[in-house]
Amino acid sequence: MTDEPSVLTERTGATLVITLNRPGARNAVDADVAARLADALEQGDADREVRCIVLTGAGDRSFCAGADLKALGRGESPIAPGREQYGFAGFVRHPVSTPVIAAVNGTALGGGTELVLASDLAVAADTATFGLPEISRGIVAAAGGVLRLPEQLPRKVAMRLILTGDVMPAEDALRWGLVNEVVPAADVLPTALALAERIAGNAPLAVQASKRLALGMVDGDLPHEAAAWDRNDAEIAAVGQSADAMEGIVAFIERRSPSWTAS
C-alpha cells in the first residue's frame, strides 16, 4: 500500500508535470483520479508562471489504462464529482489555455488514448501502444475517442481502430500523426520537458491565445463540439443500459470471454 495521492504534481522550470499515480492499476482512472487531475489542470492554468503542462503516468508499463472497470463495477464513475461537465478524468471536455503535452510512457488504451486525443502534443515511448478496446467490453469509447479519432487520423485508419478494437503500436501512431515523437522509454519525459521548454520560451499570452484560436475555445469550452457530445452522450446512455455492457464489465472482472446477446 502507498500513502501517495493518485495524482502527483511537480514544477520543473515553467512546466507543471502531472503524473497519474496508480501504477498497480495501470494508472486507470477512478473518481479520485478525475478530481485530482481536474484540480491540477485548473491550478496549472491559473498559475501565470506555468507555461506548459506535461501529463504522464507512473511506472514503465502504462500511461493510462482508461477507466477503472472494477470501480465502474461498483457504480463509481471516472468523472470528477461536482464537475461532471469536465468529462472523463476531469480533462477530456475541460480544455485549458495552457498547452498540454502527453508523455506516453506505456500503454494508452481506451481512456488513455482519449487523454492523448485531448492533449495538444504527444511524445511516446517506443513501447507505447494505443487503442479503443471499449467495444470488446460492450461499451463505447465515449470520452472523445469516437469523436476525435477521425479528426486526428485519416478516416479509414481511425475507423479500423474504432470498429475492431485493434491496438496501434507507437511507430504507427507516429506515422499517422497521433503523436509527435517516438523515443526510447527512458527518454519520454525528458523529451516532453524539452518540448515544453521550447513552448515556454515563447510569449505566454500569445501561446495561449493561439491555442484557443486553433481549437475554437470560447470561455473554456469548445462550442463547435457541443452537438457531437450531445449525440455521444445519448448513444453511450443507450448502450450503457444494455445487457451486453454489464456482461462486458463482469467478463473483464471474471477474466473470461464475454457472451454477447445484442440486448
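Residues numbered from 1 in each chain as written. Predicted model: local features only at pLDDT ≥ 70, side-chain atom pairs only at ≥ 80, totals over all residues. Heavy atoms only, no water.

Chemist: What is the right way to look at the overall build of the chain in this model?
Modeler: Check the secondary structure of the chain and you find 10 helices and 10 strands. In terms of overall size, the chain behaves like a compact globule, its C-alpha atoms giving a radius of gyration of 18 Å where 263 residues would be expected to give roughly 18 Å. Dimensions of the chain, computed from the C-alpha atoms along their principal axes, are close to 55 × 40 × 40 Å. Looking at the chain residue by residue over its 263 residues, the buried ones come to 50%. Partitioning the contacts of the chain with sequence separation of at least 6, the portion at a separation of at least 24 is 68%. Accessible surface, the chain: about 12600 Å² in total, of which carbon and sulfur atoms supply 53%. Positive and negative side-chain charges in the chain, numbering 23 and 34 respectively, have mean positions lying 3 Å apart. (Helix = DSSP H or I, 4+ residues; strand = E, 2+ residues; numbered from the N terminus. Rg over C-alpha atoms; globule rule 2.2 N^0.38 Å. Buried < 20%, exposed > 50% of the residue type's maximum accessible area, 1.4 Å probe, protein only. Contact = heavy atoms within 4.5 Å. Areas by Shrake-Rupley, 256 points an atom, 1.4 Å probe, with all protein chains shown as cover. Lys, Arg positive; Asp, Glu negative; His and termini not counted. Charge placed at Lys NZ, Arg CZ, Asp CG, Glu CD.)

Chemist: How do you make sense of the pairing of strand β7 (residues 121-125) when you look at a structure like this?
Modeler: Here is the key point about a regular strand: its side chains alternate between the two faces of the sheet. Among the 5 residues of β7, 4 are classified as buried, and the element is accordingly described as predominantly covered. Two elements, β7 and strand β10 (residues 181-183), share 3 bridges in a ladder whose sense is parallel. Each bridged residue has a counterpart across the sheet, and for Val123 the counterpart in β10 is Glu181. (Pairing = 2+ DSSP bridges.)

Chemist: Explain the environment of Gly90 here, please?
Modeler: Looking at the element boundaries, Gly90 is found in the loop between α2 (69-73) and β5 (100-104). Relative accessible area serves as the criterion here: at 0%, Gly90 is assigned to the buried category. Along the primary structure Gly90 and Trp176 are separated by 86 residues, whereas in three dimensions their C-alpha atoms are 27 Å apart. Every residue in contact with Gly90, bar those within four places of it in the chain, is listed here: Ala34, Ala38 and Leu41.

Chemist: I would appreciate a short explanation of the pattern of salt bridges in the present structure.
Modeler: Think of it this way: side chains of opposite charge can pair up when their charged atoms draw near. Throughout the structure, instances matching the rule amount to 13 salt bridges. Note that Arg11 and Asp47 form a salt bridge whose closest N and O atoms lie 3.4 Å from each other. Of the two residues, Arg11 sits in strand β1 (residues 7-12) while Asp47 sits in the loop between α1 (31-46) and β3 (52-57), which places them 36 residues apart along the sequence. Looking at Arg11, the relative accessible area reads 39%, which means it is partly exposed. Its relative accessible area of 28% is what places Asp47 among the partly exposed residues. Measuring nitrogen to oxygen at the nearest pair gives 3.0 Å for the salt bridge that ties Glu225 to Arg148. Of this pair, Glu225 sits in the loop between α8 (204-215) and α9 (226-240) while Arg148 sits in helix α4 (residues 145-152), and the two are 77 residues apart along the sequence. The class of Arg148 is buried, set by a relative accessible area of 6%. Ionic contacts of the salt-bridge type, sharing partners, join the residues Arg22, Asp30 and Asp68 into one network. (Salt bridge = Lys/Arg side-chain N within 4 Å of Asp/Glu carboxyl O.)

Chemist: What am I meant to see in the pairing of β5 here?
Modeler: Counting buried residues in β5 gives 5 out of 5 residues, a clear majority hidden from the surface. Taking every second residue as pointing to the same face, both faces of β5 are buried, with Val100, Ala102 and Val104 on one and Ile101 and Ala103 on the other. Direction of pairing for β5 relative to β7: parallel, over a ladder of 4 bridges. Paired with Ile101 across the strands is Leu121, a residue of β7.

Chemist: Mind showing me how you'd approach the environment of Trp176 here?
Modeler: Within the fold, Trp176 resides in the loop between α6 (170-175) and β10. With a relative accessible area of 30%, Trp176 lands in the partly exposed category. As a C-alpha pair, Trp176 and Leu8 span 168 residues in sequence and 31 Å in three-dimensional space.

Chemist: I keep staring at the layout of surface pockets and nothing clicks. Help me out?
Modeler: Gaps left between atoms show up when a probe the size of a water molecule is rolled over them. For the largest pocket, the calculated volume is near 1100 Å³. Taken together, 46 residues form the lining of the largest pocket, with Ala67, Leu69, Leu72, Pro78 and Ile139 sitting closest to its centre. Mapped onto the lining of the largest pocket, the elements with two or more residues apiece are α2, α3 (111-118), α9 and α10 (243-254). When its residues are assigned to classes, the lining of the largest pocket shows 23 nonpolar, 11 polar and 12 charged. Looking at the second largest pocket, its volume works out to about 410 Å³. As for the second largest pocket, its lining consists of 21 residues, and the residues nearest its centre are Leu117, Ala118, Ser119, Asp120 and Leu215. (1 Å grid on protein atoms, 1.4 Å probe; cavity = no way out; pocket = protein on both sides within 12 Å on 5 of 7 lines; lining within 4 Å. Points joined across faces, edges and corners; volume = space filled by probe spheres on them. Nonpolar A, V, L, I, M, F, W, Y, C, P; charged D, E, K, R; others polar.)

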